[in-house]
Amino acid sequence: MKKSWITVPENSDFPIQNIPFGIFSTPNRTARPCIAIGEQILDLLVIWENGFLSQFPFQKRDIDNCVLNGMMSHGKQVMSDLRKHIIDLLSDENTALCQHACCQDAFVKQEDANMHLPVHIGDYTDFYSSEDHARNVGIMFRDPAKALLPNWKHLPVGYHGRSSTIVPSGHPIHRPKGQTNTSDDSMPIFQETQQLDFELEMAFVTFQGKPMGQSISTAEAKDYIFGFVIFNDWSARDIQRWEYVPLGPFLAKNFASTISPWIVTLDALEEFHIPGPIQDPEVLPYLKYEGNYNVDIQLSVSIEPENAPATIVSESNYKYMYWNYAQQLAHHTVGGCAIRVGDMMASGTISGPNKGSFGSMLEIAWKGTQPIEMKDGSTRKFILNGDTVRMRAFAQGKDYRIGFGSCDGKITG
Ligand code: MN
C-alpha cells in the first residue's frame, strides 16, 4: 500500500489515497487552495511558487485565489493529473518535496487553519432521490398507500435552491423566522421556526458543462464532476409545510445550508462504487446507465447539546440512493440547462430502510410523535438552540478510509 512521508494517524480521513481539495487561511496566509494529508494542509500556492506544479497550465490568478474555480476551469483531466502528481510528491518513494528548502513553509497544521467555502458556488440544486426518505415523508404528510407521487420513479425530483446561504462547517446558524399555520383555514402566524431540522445529504461539485442547449449523458457524467462534500440542508418543517404548495420549498430551506470544507474527488471514490437498486418501472432511455454509480460512503449525524456529550442520531449510507448522481446530472441537463464550474447538486436527504438510518429529525422522531433520548437525559423532536449538528462521512477501504472531515453547524438562536 502506498504511504506518505507525512505521518497519517490510523483511521485518518486524509491518507495519501484521498487528497481532497479545499481553501484555507491563517493569520499569515490569505485564503488559497490546498489539499489535506493526515493532520496537515499542503499549501498549493507555496509549491506552485517553488516550481512543483510547472507542468500544469495554471496561472498565478488560478492558485493565488480564494476559491478553486480558477484551477477547476482547466477541467477534469488537469485536476485528476494534479491529484496524481501531489500523491507522487507526498509518496515515501519521492524525496523531491520533503528535501526542498520550501518544505517547512509548504505545510500548515489543520488545527492552525481556517477552512473556507472551497468554491464559488454558482447554482445549487437539491434532489429528492432517496426512496426511503420520499416514502417516509409521503406516509407522514399524504396517503400512506400512495406515499410516492406518480412521477417519483420516473425522474429524479429536484428544485433549484439558493447558493448565497451555503456556508462551510463551523459557521453559526440562526434559527429562521417565517410563516407557519397549523391548519389551512386559520390565520398564519409569524414566528421563529419551532421545527428546525437537518437533512443528511451528499453533494457533488461540477466542472464547466457543455454549452446551453446541449445535455450531458449518464455515460458522460463523471467527466463533469470534480468531487463530493457532505451537505446539511437545514430545514424549517413548520414553515415548509405551509409554504411548499405548489412550487416546493422556499424560505424553509433558503436560510442556511452547511457543507464540509474538503472536496473529496470522484477519483478518490472510484473504488467504492457499487451497483444501485433495480429500477422498476423501467426508466426512460436518457436515464439508463451502465456501470456502477452508487457509492458506499458511511454517514453519521450526531447532536451535541451545549455543554453536554454528543449523541449519534443517525447512521446512514450514500449507497441507499435510488437515483444516482449520473442520472441526476443527466436529468438536470437533458433539457439544455447549462452547468458551470462550482455548481453544487445535493442528493436529497439520505435515509436507509431502518429508523436508525433516517436522515432527518422529521423521520427519526416521526413528525415529533417519537422523541429521541439524548445522552444527557434530554429529549429531541427537532433541533434546539445551542445544539451542534455534526455530520461525518467516510468510505472504508481495506487499509485506509477516504474521509470528508466534519460538517458542523451550531444553532445560535
Ligand atoms: Mn434537502
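Residues numbered from 1 in each chain as written. Predicted model: local features only at pLDDT ≥ 70, side-chain atom pairs only at ≥ 80, totals over all residues. Heavy atoms only, no water.

Caption draft 1: Just the overall build of the chain, in detail. If you tally the helices and strands in the chain, you get ten helices and 25 strands. At 21 Å, the chain has a C-alpha radius of gyration in line with the 22 Å of a compact globule built from 413 residues. Expressed along its principal axes, the backbone C-alpha trace of the chain runs to roughly 70 × 55 × 40 Å. Scored against the burial criterion, the 413 residues of the chain give a buried share of 57%. When contacts within the chain are restricted to residue pairs at least 6 apart in sequence, long-range pairs at least 24 apart make up 72% of them. Counting every atom, the chain has about 17700 Å² of accessible surface; 51% of that belongs to carbon and sulfur. Counting 35 positive and 47 negative side-chain charges, the chain places the averaged centre of each group 2 Å from the other. (Helix = DSSP H or I, 4+ residues; strand = E, 2+ residues; numbered from the N terminus. Rg over C-alpha atoms; globule rule 2.2 N^0.38 Å. Buried < 20%, exposed > 50% of the residue type's maximum accessible area, 1.4 Å probe, protein only. Contact = heavy atoms within 4.5 Å. Areas by Shrake-Rupley, 256 points an atom, 1.4 Å probe, with all protein chains shown as cover. Lys, Arg positive; Asp, Glu negative; His and termini not counted. Charge placed at Lys NZ, Arg CZ, Asp CG, Glu CD.)

Caption draft 2: Inspection of the pattern of salt bridges at higher detail. Summed over the entire model, instances satisfying the criterion amount to 20 salt bridges. For Asp-43, the salt bridge goes to Arg-32, with nearest N and O atoms at 2.9 Å. Of this pair, Asp-43 sits in strand E3 (residues 40-43) while Arg-32 sits in strand E2 (residues 29-37), placing them eleven residues apart in sequence. This pair shows no difference in class: Asp-43 is buried, exactly as Arg-32 is. (Salt bridge = Lys/Arg side-chain N within 4 Å of Asp/Glu carboxyl O.)

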